[in-house]
Amino acid sequence: MATQASVKSQTAKHNDTNSVAEPSHPVTDQLKDSLHASVDKLADSAGIAEENIRRTATSSAENMSARKRLAQQKWQASKVRRYAIENPVATAGIAFAAGMLVTSLLRKK
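Please read these numbers as outputs of a predicted model, since none were measured by experiment.

Enquirer: Explanation requested: the overall build of the protein chain in the structure shown.
Expert: In terms of helices and strands, the protein chain carries 4 helices and 0 strands. Scanning the protein chain from its N terminus toward the C terminus, one meets helices and strands in the order α-α-α-α. Burial analysis of the protein chain (109 residues in total) assigns 2% to the buried set. Summed over its atoms, the accessible surface of the protein chain is roughly 10,100 Å², and 62% of this surface lies on carbon and sulfur atoms.

Enquirer: Mind showing me how you'd approach a nonpolar patch on the surface here?
Expert: A cluster of nonpolar side chains, Leu-101, Val-102, Leu-105 and Leu-106, forms an exposed patch at the surface whose accessible area comes to about 450 Å². Inspection of the secondary structure assignment puts Leu-101 in helix α4 (residues 88-106).

Enquirer: What am I meant to see in helix α3 (residues 79-86) here?
Expert: Residues lying three or four places apart along an α-helix face the same way, a consequence of the helix completing one turn every 3.6 residues. Buried residues are scarce in α3, accounting for 0 of its 8 residues. Taking the backbone nitrogen of Val-80 as reference, a side-chain oxygen 3.1 Å away marks Ser-78 as the first, capping residue of α3.

Enquirer: Which parts of the structure should I look at to understand the packing of α3 against α4?
Expert: Angle between the axes and distance between the axes are the two parameters that describe a pair of packed helices. At a closest axis distance of 5 Å, the pairing of α3 and α4 adopts a crossing angle of 115 degrees. When the axis of α3 is compared with that of α4, the two are roughly perpendicular. On the side of α3, the interface is formed by Tyr-83, Ala-84, Ile-85 and Glu-86, while α4 contributes Pro-88, Ala-90, Thr-91 and Ile-94. Grouping the amino acids of the contact of α3 with α4 by side-chain chemistry returns 6 nonpolar, 1 polar and 1 charged.

Conventions we followed
Residues numbered from 1 in each chain as written. Predicted model: local features only at pLDDT ≥ 70, side-chain atom pairs only at ≥ 80, totals over all residues. Heavy atoms only, no water. Helix = DSSP H or I, 4+ residues; strand = E, 2+ residues; numbered from the N terminus. Buried < 20%, exposed > 50% of the residue type's maximum accessible area, 1.4 Å probe, protein only. Areas by Shrake-Rupley, 256 points an atom, 1.4 Å probe, with all protein chains shown as cover. Patch = residues over 30% accessible without salt bridge, like charges linked within 9 Å, V, L, I, M, F, W, Y side chains within 5 Å. Salt bridge = Lys/Arg side-chain N within 4 Å of Asp/Glu carboxyl O. Polar contact = N/O pair within 3.5 Å; in protein donor to acceptor, adjacent residues only side chain to side chain. Axes fitted to C-alpha atoms, helices over the stretch in contact; angles between N-to-C directions. Parallel < 35°, antiparallel > 145°, perpendicular 65-115°, else oblique. Contact = heavy atoms within 4.5 Å. Nonpolar A, V, L, I, M, F, W, Y, C, P; charged D, E, K, R; others polar.

None of the figures reported here should be taken as evidence of function without further support.
This is the structure in structure tokens:
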């Protein structure tokens, strides 16, 4: 008896014009459509965010490259570099003394 009722309800849901069954779960279909729209919006937003991140990364890389070139130019013209090249032993002694001073200041007593 229950089987006959379910068969009758399924056949009642068929469209008379083309014999295609109407959806038997309209809430689920509506939820599915809503979720598809949400995923599409999210994908669009993610695409825009990716483009912005790539543009910012490129800009930052160019900026850092320019700063690196400027720092190298300043180092090449630096008096400290020239002194270190002309007096390597004295430079090593100064570095050793500075290291000892920093170590003695930072050492806990």
